[in-house]
Amino acid sequence: KALGKGIVVKFDPSMRADFERRGRLEIDLKLALKNGDIFPFYQPQVDIDTGKLVGFEALARWNHPELGWIGPYEFIPIAETSSQIVELGRCILTTACIEAMAFPDDVRVSVNLSVGQMLRDDVIGMVTDILASTGFPAERLTLEVTESVMMSEPELAARILNGLKELGISIALDDFGTGYSALSYLRQFDWDELKIDKSFVDDLGHDPRCLSIIESVVDLATELGMKVVAEGVETADQHEILRKSGCHIAQGYLFGRPQPIDQVHVTLLKSLAPSAPQIEATKATG
Ligand code: C2E
Ligand code: MG
Ligand code: MG
Ligand code: MG
């Protein structure tokens, strides 16, 4: 029906399977949040010039007792439509703040914030409470939102984001380049960080227009006082091009995959060791 009158879609067995899985995940989500089966992995972010570890992005993972690992592209949309996104957001932010308390003082943590959660719930109150109860310093926290946050209710969104900034938190504009990316979004709010989407980084080597766009975006963002993070850096070539174009921070499989907290501690030890070659660029293995 969603496709309009007169359009007939065959309902094949794989669609039924998808539908059933979705329904099941929606039901299981509640228990998963209660049992702690959904928790963050952490992906390193490095200074693009020196390779020094500067932070981690927390990325939600679901370890389902029967279905195994489930990624956020599958369960975040389910959490959003079933209004469990508020609880999920609270859960990931709380765990990230608790775990990041053990990180060195100069290592930051970034947490994704869903648009639905931000506009529906009292996010400022929630974040204030979590910072107070965990003791994590606001100055070391970045919250990432996508530009869709500015689309439906820009004034409300800007007010909420400003409230979060007043707590001392940094705000990142995530996935830049994927949506409509109207330049007005850069004007409507004083973003601290801009994350260039992986799709741009992917095409860097073979598309000269892509390079021009990135160079211009980096200049513009830097001029506006933003830090520029490149997402999804997988090859040494991409790293070199992005470094030359003036990006500040890199994140991607070249520097490390999202990893469970135990492994984060190993990464931190390595990066702290005197004369350590900082984060070793590891080969992306799929
Ligand atoms: P994102 O915030 O843009 O996160 C970056 C995504 O790119 C992550 O996917 C990460 O694993 C992946 N990635 C990073 N480097 C590379 C690379 O070099 N190669 C490739 N192929 N992929 C790379 P992930 O973890 O599957 O997360 C997907 C999206 O789900 C995130 O995109 C974010 O929008 C959302 N998400 C994840 N965790 C949360 C959360 O706790 N709350 C909310 N609201 N959304 C979340
Ligand atoms: Mg993100
Ligand atoms: Mg992103
Ligand atoms: Mg992305």
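Residues numbered from 1 in each chain as written. Chains lettered and ligands numbered in written order. Predicted model: local features only at pLDDT ≥ 70, side-chain atom pairs only at ≥ 80, totals over all residues. Heavy atoms only, no water.

With that settled, the discussion passes to the confidence of the model for the chain. For the chain, mean pLDDT is 91; residues scoring 70 or higher make up 91% of the total. Among the prediction metrics, the complex's ipTM stands at 0.97, with pTM recorded as 0.92. (pLDDT = per-residue confidence, 0-100.)

Before going further, it helps to examine the packing of helix α5 (residues 123-134) against helix α6 (residues 154-166). Between α5 and α6, the shortest axis-to-axis distance is 9 Å and the interhelical angle comes to 15 degrees. When the axis of α5 is compared with that of α6, the two are roughly parallel. Handedness of the α5/α6 crossing: right-handed. Contact residues: α5 offers V123, I124 and V127, while α6 offers I160, G163 and L164. A class-by-class count of the residues in the contact of α5 with α6 yields five nonpolar, one polar and no charged. (Axes fitted to C-alpha atoms, helices over the stretch in contact; angles between N-to-C directions. Helix = DSSP H or I, 4+ residues; strand = E, 2+ residues; numbered from the N terminus. Parallel < 35°, antiparallel > 145°, perpendicular 65-115°, else oblique. Left-handed = near helix turned anticlockwise from the far one by under 90°. Contact = heavy atoms within 4.5 Å. Nonpolar A, V, L, I, M, F, W, Y, C, P; charged D, E, K, R; others polar.)

This next bit is on the state of the cysteines. On inspection of all chains with the given rule, the structure shows zero disulfides. We note that C91 lacks a disulfide partner, and the nearest cysteine sulfur, in C97, lies 12 Å from it. (Disulfide = S-S within 2.5 Å.)

Further remarks concern the site of ligand 1. Around ligand 1, 23 residues are found, and the nearest of them are R61, N112, D174, E234 and Y253. Between ligand 1 and E234, the relevant distance is 2.5 Å, taken from a nitrogen atom to a side-chain nitrogen or oxygen of the residue. Y253 has a polar backbone atom sitting 2.8 Å from an oxygen atom of ligand 1. Relative to its unbound accessible surface of 810 Å², ligand 1 loses 85% to contact with the protein. Of all the secondary-structure elements, those providing two or more residues to the shell around ligand 1 are β2 (53-64), α2 (72-81) and β6 (170-176). Ranked by residue count, the leading element in the shell around ligand 1 is β2, at four residues. (Near = heavy atom within 4 Å. Polar contact = N/O pair within 3.5 Å; in protein donor to acceptor, adjacent residues only side chain to side chain. Areas by Shrake-Rupley, 256 points an atom, 1.4 Å probe, with all protein chains shown as cover.)

When α2 is considered as a whole, its buried residues turn out to be F75, I78 and A79. The buried residues of α2 occupy an angular sector of 100 degrees when projected down its axis, which confines them to one face. The exposed set on the far side of α2, more than 90 degrees from its buried face, consists of Y73 and T81. Elements that come into contact with the buried residues of α2 comprise α1 (13-35), β1 (38-47), β2, β3 (68-70) and α3 (85-100). Residue S83 follows α2 closely and has a positive phi angle near 55 degrees. (Buried < 20%, exposed > 50% of the residue type's maximum accessible area, 1.4 Å probe, protein only. Arc of directions from axis to C-beta.)

Right, let's get into the coordination of the magnesium ion (ligand 3). Each protein donor to the magnesium ion (ligand 3) is listed here as D174 (OD), D175 (OD), E231 (OE) and E231 (OE); together their distances run 1.7 to 2.7 Å. Between the donor residues of the magnesium ion (ligand 3), the gaps in sequence give the motif D-D-x55-E. The exposure class of E231 is buried, given its relative accessible area of 12%. (Donors = N, O, S within 2.8 Å, 3.2 Å for Na, K, Ca; no water.)

This part takes up unusual backbone geometry. Among all residues save glycine, negative phi is the norm, and among peptide bonds the norm is trans. Here S83, not a glycine, exhibits a phi torsion of approximately 55 degrees, which is positive. Residue class for S83 comes out partly exposed when judged on its relative accessible area of 49%. Its identity as a non-glycine residue notwithstanding, D175 has a phi of 55 degrees, on the positive side. Counting through the fold element by element, D175 comes out in strand β6.

With that settled, the discussion passes to the pattern of salt bridges. As enumerated under the stated definition, the model contains 17 salt bridges in all. Notably, a salt bridge pairs E234 with K198, separated by 3.8 Å at the nearest N-O pair. One end of the pair, E234, is in the loop between β8 (227-230) and α10 (236-244); the other, K198, is in helix α8 (residues 198-203), with 36 residues separating them in the sequence. Salt bridges linked by common partners bring D49, E240, R243 and K244 together as one network. (Salt bridge = Lys/Arg side-chain N within 4 Å of Asp/Glu carboxyl O.)

To continue, consider the coordination of the magnesium ion (ligand 4). Geometrically, a metal with four donors at the corners of a regular tetrahedron has ideal angles of 109.5 degrees, and one with six donors at the corners of a regular octahedron has ideal angles of 90 or 180 degrees. The protein atoms donating to the magnesium ion (ligand 4) are D175 (OD), D197 (OD) and E231 (OE), with metal-donor distances spanning 2.5 to 2.7 Å. Written as a sequence motif, the donor arrangement for the magnesium ion (ligand 4) is D-x21-D-x33-E. In this structure, the magnesium ion (ligand 4) lies 3.0 Å away from the magnesium ion (ligand 3), the two metals sharing D175 as a donor. Note that D175 is positioned in strand β6 and E231 in the loop between β8 and α10, a separation of 56 residues in sequence. Its relative accessible area of 25% is what places D175 among the partly exposed residues.

Given two aromatic rings, one states the distance between the centres and the angle between the planes to describe the pair. Enumeration according to the criterion identifies eight aromatic pairs in this entry. Their ring planes at 80 degrees and their centres at 6.4 Å tell us that Y42 and F56 sit as a pair that is edge-to-face. Of this pair, Y42 sits in strand β1 while F56 sits in strand β2, and the two are 14 residues apart along the sequence. Take Y42 and F56: they sit in the same class, and that class is buried. The structure contains a cluster of three or more aromatic residues connected by ring pairs, namely F39, F41 and W69. The residue whose ring lies beneath R257 is Y253, and the NZ or CZ to ring-centre distance is 3.8 Å. (Phe/Tyr/Trp six-rings, centres within 6.5 Å; stacked < 30°, edge-to-face > 60°. Lys NZ or Arg CZ within 6 Å of the ring centre and 35° of its normal.)

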